[in-house]
Every structure is written in structure tokens, then in C-alpha cells.
Amino acid sequence: KVADIMAMQVTIIQGYSKTRRQVRKSGVFNGEELDYIMRVLGRLLDDCENTLNELIAVTTDSNLEMKDDERLELIDILYQDMTDQYTFSQSFNKETMVLAASRIKENNDVQTSRALNNIKPN
């Protein structure tokens, strides 16, 4: 589970980087929307960092005095936390990119319609 927690965090960070780059590149989100998306992604990274820090504390003998069963129980809790964060990140990233693609398509449809009807943009 420890390795899975770390692997999920790597995937979350990769998804964050990709989504952040694509959202900015798309040009279809206004400033408030960009701020919201960046705050959500930033908070997600903060939560992942906190989970990883707790994992390090649990798996390093000198940091916390715990019995083995207590360590395993806490690792299970941290695994569930990271799984929840992973699931949320995948969903949020996907929904954000679907919205961006939808807006891009809508903008293209509007431009095509204007061109077909000889309507000049404002």
C-alpha cells in the first residue's frame, strides 16, 4: 500500500501538470474560472503532500512510537485518503478537459456558422 500511495501521488502530480498546461493553452476559461481551477488543483496537491508527510512519519521508526498494528491501521487510512484524492483528481481533470473541449467546439461552430452566413465577427 505504501508503494501504491506514492504511485498515486505521482499520477496526481502528472495530471495536475497536464491539466494546468492544457487549461491555460485552451484559452476558453476566464480569469475567475482559471483561478478556481488552479485553487482546486493547488489544494489537491497540498492534501497529497500532507498525506505523504504522514506516510513518511508512519514508516520512519524514529518519528512516531507506534505498534505495528497501529502503523498498519494508519497506513490503511492514508491509503484510503490518497485513493480518494486520486479519484477526485481523475474526475476533476477529466471534467475540466471535457468542458474545455466543449467550449472549443462551440467556438468553432459559431465561427463556421458566421462564415457560412457571411456574418462578420463583432
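Preceding this section is the structure that the text describes.
This is a predicted model, so every value here is computed, not measured.

A.B. asks: What am I meant to see in helix H2 (residues 31–59) here?
C.D. replies: An α-helical segment advances 3.6 residues per turn. Residues three or four places apart therefore align on the same side. The terminal C-alpha atoms of H2, which comprises 29 residues, lie 42 Å apart, in line with the 42 Å expected from a rise of 1.5 Å per residue. Of the surrounding secondary structure, the elements contacted by the buried residues of H2 are helix H1 (2–26) and helix H3 (68–116). N-cap assignment for H2: the residue whose side-chain oxygen lies 3.0 Å from the backbone N of Glu-32 is Asn-30.

A.B. asks: For this particular structure, what's the right way to read the packing of aromatic side chains?
C.D. replies: By convention here, two paired aromatic rings are described through the distance between centres and the angle between planes. In the structure shown here, the tally under the stated rule is 2 aromatic pairs. Ring geometry for Phe-88 versus Phe-92: centroids 5.6 Å apart, planes at 20 degrees, classification stacked. In this pair, Phe-88 and Phe-92 are both assigned in helix H3, 4 residues apart and thus about one turn of the helix distant. We classify Phe-88 as partly exposed; its relative accessible area is 38%. With a relative accessible area of 11%, Phe-92 lands in the buried category. Each residue in the set Tyr-36, Phe-88 and Phe-92 is aromatic and connected to the rest through ring pairs, giving one cluster. Lying over the aromatic face of Tyr-79, Lys-1 brings its terminal NZ or CZ to 5.2 Å of the ring centre.

A.B. asks: Would you take a moment to explain unusual backbone geometry for this structure?
C.D. replies: For residues that are not glycine, phi is negative in most cases, and the peptide bond is trans in most cases. A positive phi angle is found at Asn-118, which is not glycine, with a value near 50 degrees. Position of Asn-118 among the secondary structure elements: in the segment after H3. Under the relative-accessibility criterion, Asn-118 is labelled exposed at 72%.

A.B. asks: Teacher, can you tell me more about the pattern of salt bridges here?
C.D. replies: Pairs can form between side chains of opposite charge whenever their charged atoms are close. Following the criterion strictly, the structure yields 4 salt bridges and no others. In this structure, the salt-bridge partner of Asp-76 is Lys-1, at a minimum N-O distance of 2.8 Å. Of this pair, Asp-76 sits in helix H3 while Lys-1 sits in the segment before H1, and the two are 75 residues apart along the sequence. The exposure class of Lys-1 is partly exposed, given its relative accessible area of 48%. Residue Arg-103 is joined to Glu-33 by a salt bridge in which the shortest nitrogen-to-oxygen separation is 2.8 Å. Placement of the pair is Arg-103 in helix H3 and Glu-33 in helix H2, with a sequence separation of 70 residues. When its relative accessible area of 23% is taken as the criterion, Arg-103 is described as partly exposed. Glu-33 gets classed as partly exposed once you look at its relative accessible area, which sits at 23%.

Rules used in this analysis
Residues numbered from 1 in each chain as written. Predicted model: local features only at pLDDT ≥ 70, side-chain atom pairs only at ≥ 80, totals over all residues. Heavy atoms only, no water. Helix = DSSP H or I, 4+ residues; strand = E, 2+ residues; numbered from the N terminus. Expected span 1.5 Å × (residues − 1). Contact = heavy atoms within 4.5 Å. Polar contact = N/O pair within 3.5 Å; in protein donor to acceptor, adjacent residues only side chain to side chain. Phe/Tyr/Trp six-rings, centres within 6.5 Å; stacked < 30°, edge-to-face > 60°. Buried < 20%, exposed > 50% of the residue type's maximum accessible area, 1.4 Å probe, protein only. Lys NZ or Arg CZ within 6 Å of the ring centre and 35° of its normal. Salt bridge = Lys/Arg side-chain N within 4 Å of Asp/Glu carboxyl O.

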